[in-house]
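# Structural overview
Take a look at the letters that make up each chain.
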Amino acid sequence: LPEQEAFDIEYWLLEEAKLQRMPKPKSLAGRIALVTGGAGGIGQAVARQLLQEGACVMLTDIDSEALAQAKEALRKVAGPDNLATVRADITSEEQVETILNASALAFGGLDLLVSNAGIASSAPFEETSLALWERNQSILVTGYFLASRGAYRMMQQQKLGGSMVFVASKNGLVASGGAAAYCTAKAAEIHLARCLALEGAAHGIRVNVVNPDAVIRGSRIWDGKWKEERAASNKIDSDDIEDFYRQRSMLKRSVLPEDISEAVYFLLSEKAGKSTGNIINVDAGNAAAFTR
Ligand code: NAD
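Let me sum up the structure you'll find in this document. (Residues numbered from 1 in each chain as written. Predicted model: local features only at pLDDT ≥ 70, side-chain atom pairs only at ≥ 80, totals over all residues.)

## Some words on the pairing of strand β4 (residues 112-115)
Note the cut-off: Burial is judged by counting the other C-beta atoms within 10 Å of a residue's own C-beta: 20 or more makes it buried, 12 or fewer makes it exposed, and any count in between marks it as partly exposed, with every C-beta position built from the backbone. Secondary structure counts use DSSP, requiring at least four H or I residues in a row for a helix and at least two E residues in a row for a strand, with both numbered from the N terminus. Note: two strands are recorded as paired if DSSP finds a minimum of 2 bridges between them. Looking down the strands as they point away from the viewer, one classifies a crossover as right-handed if the path from the first strand across the helix to the second runs clockwise.
Taking every second residue as pointing to the same face, both faces of β4 are buried, with Leu 112 and Val 114 on one and Leu 113 and Ser 115 on the other. As paired strands, strand β1 (residues 32-36) and β4 are joined by three bridges and run parallel to one another. Each residue of the ladder has a partner; that of Val 35, found in β4, is Val 114. Taking the sense of rotation as the criterion, the β-α-β connection linking β4, helix α5 (residues 130-158) and strand β5 (residues 162-167) turns out right-handed.

## A look at the sheet that holds strand β2 (residues 56-61)
The strands making up a sheet associate through hydrogen bonds between their backbones, and the pairing can be parallel or antiparallel. Applicable threshold: Here the axes come from fitting lines to C-alpha atoms, over the contacting stretch only for helices, and the angles between their N-to-C directions go from 0 to 180 degrees. Think of it this way: build a C-beta for each residue from its backbone, and any pair within 7 Å is a contact.
Sheet architecture is open: seven strands sit in the order β3-β2-β1-β4-β5-β6-β7, paired in parallel fashion. The open sheet terminates on both sides in strands that have one partner only, identified here as β3 (83-87) and β7 (279-282). When strand polarity is set aside, the average angle formed by the axes of neighbouring strands in this sheet is 15°. Sheet analysis places strand β6 (residues 205-212) next to β7, joined by four bridges and oriented parallel. Bridge pairing in β7 places Val 209 opposite Ile 279. Of the strands in this sheet, β1, β4, β5 and β6 are in contact with α5, which crosses β4 at around 180°.

## Digging into the packing of helix α4 (residues 93-107) against α5
To keep things clear, this is the line we draw: Comment on the angle field: the value is read as roughly parallel under 35 degrees, roughly antiparallel over 145, roughly perpendicular from 65 to 115, and oblique elsewhere. By the definition used in this description, the sense in which the near helix is turned from the far one sets the handedness, with an anticlockwise turn below a right angle giving left-handed and a clockwise turn giving right-handed. Residue classes follow a fixed rule: Ala, Val, Leu, Ile, Met, Phe, Trp, Tyr, Cys and Pro count as nonpolar, while Asp, Glu, Lys and Arg count as charged, and any other residue, Gly among them, counts as polar.
Look at α4 against α5: their axes get within 10 Å of each other, and the N-to-C directions meet at 40°. Looking at the two axes, α4 sits oblique to α5. The handedness of the crossing between α4 and α5 comes out as right-handed. Here α4 contributes Glu 93, Val 96, Glu 97 and Leu 100 to the contact with α5, which in turn contributes Leu 146, Ala 147, Gly 150 and Met 154. For the contact of α4 with α5, a count of residues per class yields five nonpolar, one polar and two charged.

## Remarks on the site of the ligand
The following threshold applies: Throughout this description, a residue near a molecule or strand is one whose C-beta atom, derived from the backbone, lies within 6 Å of it.
The local shell around the ligand holds 28 residues, among which Gly 37, Gly 40, Ile 42, Gly 118 and Ser 219 are the closest. Those elements giving two or more residues to the shell around the ligand turn out to be α2 (41-52) and α5. For the shell around the ligand, the element with the highest residue contribution is α2, accounting for three residues. When grouped by side-chain class, the residues that make up the shell around the ligand number 14 nonpolar, ten polar and four charged.

## Points about the nonpolar core
Within soluble globular proteins, side chains that are nonpolar tend to cluster in buried spots. To keep it simple, the criterion reads: What makes a nonpolar core is a set of buried Ala, Val, Leu, Ile, Met, Phe, Trp, Tyr and Cys residues, with links drawn between C-beta atoms within 7 Å.
Judged by nonpolar contacts, the single largest core of 74 residues is most densely connected at Ala 33, Val 57 and Val 264. Counting residues per element, this core draws most heavily on α5, at nine residues. Excluding residues within four positions of it along the chain, Ala 33 makes contact with Leu 50, Ala 55, Cys 56, Val 57, Asp 111, Leu 112 and Val 114.

## Overview of unusual backbone geometry
Unusually for a residue other than glycine, Lys 159 sits at a positive phi of about 60°. Inspection of the secondary structure puts Lys 159 in the loop between α5 and β5. Even without being glycine, Lys 235 reaches a positive phi, approximately 55°. With respect to the helices and strands, the residue Lys 235 is situated in the loop between α7 (225-233) and α8 (241-248). With 7 C-beta atoms packed within 10 Å, Lys 235 lands in the exposed category.

Laid out in structure tokens, this is it:
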């Protein structure tokens with residue numbers, strides 16, 4: 001090669017190498033996200049990923065002690081000004097207003113919602129009390145309605161579009177024994193997301209769903225009664241529950257909170273800019289077929 005040309009190539013390769021080493025721009029930089037149920041296993045994993053992608057995160061939960069612990073844990077990935085928390089009950093219209101005002105005050109608005117606060121409860125159908133039924137509807141349906149309506153109104157006012165993800169459940173598609181109240185509420189969440197997607201499209205607001213199947217590690221739902229009830233209903237020892245779900249799945253893999261946050265992040269981001277009213281099942285194959 002002539003000397004000048006060789007020099008040019010070497011210079012260009014060096015510049016390329018420098019570019020490779022430069023930090024990639026964060027995909028959610030400047031975006032403001034609200035995560036409900038943020039003290040729980042899935043909520044925390046989602047918040048961590050959104051913070052790592054550059055978003056400002058407003059974390060909310062009904063459990064103030066667990067919320068403070070989540071904030072402490074997330075400090076490691078959050079900057080000084082991009083994480084705020086507010087304790088609120090998602091079933092209260094006034095308290096949902098408080099969350100939205102807190103987001104506006106802390107960060108100036110809202111672009112992304114992860115509606116995720118939830119419970120799990122179980123009872124044979126004939127023993128399902130009205131109170132149990134209403135608790136499921138209240139937290140899982142009314143709670144998702146109030147959070148998304150509040151976020152929707154704020155996004156409409158901002159005129160900047162937005163993106164929401166509902167963390168529903170595989171049980172919103174596939175019935176599970178002894179959990180009619182929960183399954184019915186989760187099915188309603190999925191349909192609410194579709195209705196909102198239809199109305200939101202004209203405003204550039206996308207709404208999608210992530211359906212986890214049993215996420216046992218990290219989830220507070222599985223700390224308590226639900227684990228015992230599911231174990232009893234499947235006639236297994238509660239210590240074997242994770243193995244049971246893993247073996248039952250097509251992929252023979254356990255679903256982790258981080259698997260859910262990957263799907264939530266994808267749907268929130270512009271990578272999924274042409275998806276709305278859609279569902280991603282993160283369930284190791286369980287919604288498609290039972291292997292036993
Ligand atoms: P988790 O119990 O760890 O987290 C849920 C959080 O929601 C808790 O911190 C709880 O305090 C909060 N919460 C409950 N009621 C509330 C209310 N009224 N207002 C505000 N916050 C409230 O559970 P998780 O596994 O992280 O579950 C998150 C979501 O995923 C839930 O909607 C759940 O139904 C869904 N899901 C979980 C699984 C699983 O196996 N873990 C499977 C399918 C779907």
